[in-house]
Amino acid sequence: MKNYRGFVYIMASKRNGTLYIGVTNDLARRVAEHKAGVNRGFTSRYGVKTLVYYECFAAFGHAVAREKQLKEWNRAWKISLIEDMNPSWHDLAADIGVTEEMVNLIRIKYDIMTQC
């Protein structure tokens, strides 16, 4: 994953639940942040914590363009895309190296930062 500069990902609250499409330069860190619930907003409000789909790009700009494209898609197309890669809607976080320890460290770091 280190050879890639950008990632588009889809998080879900549950199978066929609320979806969130995002872009990042560090997929494992960003997914761990979602799981830790440290970024207040849409994903924490709706419990969107399961990584169900991602794509890797050599250039960050290509990832941004793909994110914009996917956000324009209708829901049925997004679900089809997810199910082509991940038919069981399995949480892919562990597959990309996200651990519970990583999530907990992010929570601790966030707690320290918000206390300052």
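See the structure printed just above.
Now for a look at the structure at hand. This one's a predicted model, so the numbers in the text were calculated from it and none came from an experiment. (Residues numbered from 1 in each chain as written. Predicted model: local features only at pLDDT ≥ 70, side-chain atom pairs only at ≥ 80, totals over all residues. Heavy atoms only, no water.)

**Points about the overall build of the protein chain**
Part 1 of the reasoning: Within the protein chain, the regular secondary structure consists of five helices and three strands.
Part 2 of the reasoning: For 116 residues, the compact-globule estimate of 2.2 N^0.38 gives 13 Å, and the C-alpha radius of gyration of the protein chain, at 14 Å, lies within 12% of that figure.
Part 3 of the reasoning: With the C-alpha coordinates of the protein chain rotated into their principal frame, the extents come out at 45 × 30 × 25 Å.
Part 4 of the reasoning: Burial status across the protein chain gives 41% buried among its 116 residues.
Part 5 of the reasoning: In the protein chain, of all internal contacts separated by at least 6 residues, the share reaching a separation of at least 24 is 67%.
Part 6 of the reasoning: When the accessible area of the protein chain is evaluated, it comes to approximately 6,800 Å², of which 52% is carbon and sulfur surface.
Part 7 of the reasoning: Taking the average location of the 17 positive side-chain charges in the protein chain and that of its 12 negative ones, the two points are 5 Å from each other. (Helix = DSSP H or I, 4+ residues; strand = E, 2+ residues; numbered from the N terminus. Rg over C-alpha atoms; globule rule 2.2 N^0.38 Å. Buried < 20%, exposed > 50% of the residue type's maximum accessible area, 1.4 Å probe, protein only. Contact = heavy atoms within 4.5 Å. Areas by Shrake-Rupley, 256 points an atom, 1.4 Å probe, with all protein chains shown as cover. Lys, Arg positive; Asp, Glu negative; His and termini not counted. Charge placed at Lys NZ, Arg CZ, Asp CG, Glu CD.)

**Structural notes on the packing of aromatic side chains**
Part 1 of the reasoning: For the coordinates displayed, the defined rule picks out five aromatic pairs.
Part 2 of the reasoning: With 6.2 Å between their ring centres and 50° between their planes, Tyr9 and Tyr20 make a pair best called tilted. Highlighted residues: Tyr9 in strand E1 (residues 6-12) and Tyr20 in strand E2 (residues 19-24), separated in sequence by eleven residues.
Part 3 of the reasoning: Overall, Tyr9 belongs to the buried group, its relative accessible area being 1%.
Part 4 of the reasoning: With a relative accessible area of 22%, Tyr20 lands in the partly exposed category. (Phe/Tyr/Trp six-rings, centres within 6.5 Å; stacked < 30°, edge-to-face > 60°.)

**Topic: the environment of His62**
Part 1 of the reasoning: Take His62: it is sitting in helix H3 (residues 60-72).
Part 2 of the reasoning: Counting along the chain gives 57 residues from His62 to Arg5, while the straight-line C-alpha distance between them is 9.3 Å.

The analysis is restricted to geometry; functional conclusions fall outside its scope.
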